[in-house]
Amino acid sequence: GAGVSQSPRYKVAKRGQDVALRCDPISGHVSLFWYQQALGQGPEFLTYFQNEAQLDKSGLPSDRFFAERPEGSVSTLKIQRTQQEDSAVYLCASSYETGGYSPLHFGNGTRLTVT
Amino acid sequence: AQSVTQLDSQVPVFEEAPVELRCNYSSSVSVYLFWYVQYPNQGLQLLLKYLSGSTLVKGINGFEAEFNKSQTSFHLRKPSVHISDTAEYFCAVNTGNQFYFGTGTSLTVIP
């Protein structure tokens, strides 16, 4: 595809429900990042993949958050037993190469609202 | 550790006036620097980047930024803004693996 695709665009979950957010990166992009963006804030790093390997998950806020990229392409961010503080926009980004010189290409995000 | 500071959370400016959005970073190593723009309900789009070489970099939509190593700054400028420039602007730094973003500056262009 032409860009990074995220689905669903909006998700409303009741507290305690599990959710799964999908990211389809640009074809051929090696690196994939997940960010959490609270209202009025900048993106906060969650986790990073290089192909199928999850190289950094230091930003995941709790063990309720889990991400995978089993075939080095599509990635899923799963949140178990959602809490109200999980409400945010979840952004996925991919880049062609590893190394900081390769800019990120972002999807439009998934807005998660936990009620 | 790296950090990015955007000193102004909101910047109102009249149409066709110049604007500067400030960004300072802290890092003990060499960095790559980026500016992104975010329109409502959209993801971030790359405006411009500094990797090496000339300290003045030009981006899309008439924006430019200047890297100042001694002041650890990477301020974004545009000589004449349009209504369509109203958006959130984020400065970001990368030292090799992870991107660190500032908290953003909301630019509002007033007709």
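Going by the structure above, here's the rest.
Residues numbered from 1 in each chain as written. Chains lettered and ligands numbered in written order. Predicted model: local features only at pLDDT ≥ 70, side-chain atom pairs only at ≥ 80, totals over all residues. Heavy atoms only, no water.

1. Quick look at the sheet that holds strand S1 (residues 5–7) of chain A
Residues and elements named next belong to chain A.
Reasoning step 1: The antiparallel open sheet is built from four strands, whose spatial order is S1-S3-S8-S7. Edge positions in the sheet fall to S1 and strand S7 (65–68), since each of these pairs with one other strand and no more. Within the sheet, the average angular offset between the axes of one strand and its neighbour, ignoring direction, is 15°.
Reasoning step 2: Bridge analysis of S1 against strand S3 (residues 19–24) gives three bridges, and the strand direction is antiparallel. Along S3, the bridge assignment pairs serine 7 with arginine 22. (Pairing = 2+ DSSP bridges. Helix = DSSP H or I, 4+ residues; strand = E, 2+ residues; numbered from the N terminus. Axes fitted to C-alpha atoms, helices over the stretch in contact; angles between N-to-C directions.)

2. Observations regarding the nonpolar core
Reasoning step 1: By size, the foremost hydrophobic cluster in this structure holds 28 residues, and its most contacted members are Leu33, Trp35, Leu47, Leu48, Phe74, Leu76 and Tyr89 of chain B.
Reasoning step 2: The set of elements that each furnish at least two residues to this core consists of strand S2 (10–14), strand S3 (19–21), strand S5 (32–38), strand S6 (44–50), strand S8 (64–68), strand S9 (73–78), strand S10 (87–94) and strand S12 (105–110) of chain B.
Reasoning step 3: Top element by residues in this core is S10 of chain B. It accounts for four residues.
Reasoning step 4: For phenylalanine 74 of chain B, the residues in contact, after removing those within four places along its chain, are Cys23, Leu33, Phe34, Trp35, Leu48, Tyr50, Val57, Ala65, Glu66 and Phe67 of chain B.
Reasoning step 5: If you look at the next biggest cluster of nonpolar residues, it comprises 20 residues, including Ala13, Val19, Ile26 and Leu77 of chain A. (Core = buried A, V, L, I, M, F, W, Y, C linked by side-chain atoms within 4.5 Å. Buried < 20%, exposed > 50% of the residue type's maximum accessible area, 1.4 Å probe, protein only. Contact = heavy atoms within 4.5 Å.)

3. A look at the environment of threonine 86 of chain B
Residues and elements named next belong to chain B.
Reasoning step 1: By the secondary structure assignment, threonine 86 is in the loop between S9 and S10.
Reasoning step 2: The partly exposed category is assigned to threonine 86, whose relative accessible area is 31%.
Reasoning step 3: Sequence separation between threonine 86 and tyrosine 100 is 14 residues, and the spatial gap between their C-alpha atoms is 23 Å.
Reasoning step 4: When residues no more than four places from it in sequence are discounted, the contact partners of threonine 86 are Tyr39, Leu107, Thr108 and Val109.
Reasoning step 5: There is a polar contact of 3.0 Å between the side chain of threonine 86 and the backbone nitrogen of valine 109. (Polar contact = N/O pair within 3.5 Å; in protein donor to acceptor, adjacent residues only side chain to side chain.)

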